[in-house]
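Commentary on secondary and tertiary structure
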Amino acid sequence: MVKMNMSDIDISEPLSDMLAPLNNEQKEFLMNNYTIQTYKKNETIYCEGETPSHLMCLISGKVKIFKDGVGGRSQIIRMIKPREYFAYRAYFAKQDFVTAAAAFEPSVVCLIPMNAILTLVAQNNDLAMFFIRQLSIDLGISDERTVNLTQKHIRGRLAESLIFLKESYGLEEDGSTLSIYLSREDLANLSNMTTSNAIRTLSQFATERLITIDGRKIKIIEEEKLKKISKIG
């Protein structure tokens, strides 16, 4: 982890959704109460069991929220993309972190002390509603993923993960290659399956010409067919 000078990065655009409800005095208060930190690829951002103290917003890069399970297997709970907020739910719930977070690739994160957030929430009802809305959206996504990861078959889960990655991080300039390179283990952890099952199912998709594979690069060829596989489970 490397701390950076506040002046090096303009956070007004990444934080625009949260800044919007604030008056000028509140914006100035917020701008005086944040730090910027960078994380290397695979570096831990926070650990399960730690006590939360900051709201975090991803400025650039990619971050995974995960939980270690039985037998050392990890389950990726969420994938964070730039301009998304994380690490604050546990503080509101007065809990320690029940998950961990790590950078998928070199990432820049804005950290705002939660006591500063509480000060602003107490002053601004619209900001309070902003966080209620964010938490509600996250809960809905979590509920849907729980059903999908427990009720869909392997093919449906992997197809859903590929579509999810495409919708979250987009495609490269060729218009078909996913703009994120996951190891087979990470893809398996995202899809709630073993690494061997992920490798085998990816190979099946490639044989069926739904995707092509080049190392960690995955190119989506038949998106609608993947969506159909994901839908029927």
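Residues numbered from 1 in each chain as written. Predicted model: local features only at pLDDT ≥ 70, side-chain atom pairs only at ≥ 80, totals over all residues. Heavy atoms only, no water.

Under an unreviewed UniProt entry, the protein chain has the name Crp/Fnr family transcriptional regulator and belongs to Bacteroides xylanisolvens.

Our next topic: unusual backbone geometry. Not every positive phi belongs to a glycine, and Asn42 is a case in point at roughly 70 degrees. Tracing the backbone shows Asn42 in the loop between strand 2 (35-39) and strand 3 (44-46). The backbone phi angle of Asn192 is positive, close to 60 degrees, even though this residue is not glycine. Within the element layout of this structure, Asn192 appears in the loop between helix 7 (184-191) and helix 8 (195-207). (Helix = DSSP H or I, 4+ residues; strand = E, 2+ residues; numbered from the N terminus.)

Note on aromatic pairs: each is described by the distance of the centres and the angle between the planes. According to the stated counting rule, one finds 6 aromatic pairs in the structure shown. Between Tyr85 and Phe130, the ring centres sit 5.6 Å apart and the planes meet at 90 degrees, which makes this aromatic pair edge-to-face. Separated by 45 residues along the polypeptide, Tyr85 in strand 7 (residues 85-86) and Phe130 in helix 5 (residues 125-151) bring together distant segments of the chain. The residues Tyr85 and Phe130 share a single accessibility class, namely buried. For the ring pair Tyr88 and Phe92, a centre distance of 6.0 Å and an interplane angle of 85 degrees mean the geometry is edge-to-face. We classify Phe92 as partly exposed; its relative accessible area is 32%. Among the aromatic residues, those joined into a ring-pair cluster are Tyr85, Tyr88, Phe92, Phe130 and Phe131. (Phe/Tyr/Trp six-rings, centres within 6.5 Å; stacked < 30°, edge-to-face > 60°. Buried < 20%, exposed > 50% of the residue type's maximum accessible area, 1.4 Å probe, protein only.)

With that out of the way, let us pick up the environment of Ala87. Within the secondary structure, Ala87 is located in the loop between strand 7 and helix 3 (89-92). Separated by 66 residues in the primary sequence, Ala87 and His153 have C-alpha atoms spaced 31 Å apart. Ignoring any residue separated from it by four or fewer positions in sequence, one finds Ala87 in contact with Tyr46, Pro52, His54, Met56 and Phe97. (Contact = heavy atoms within 4.5 Å.)

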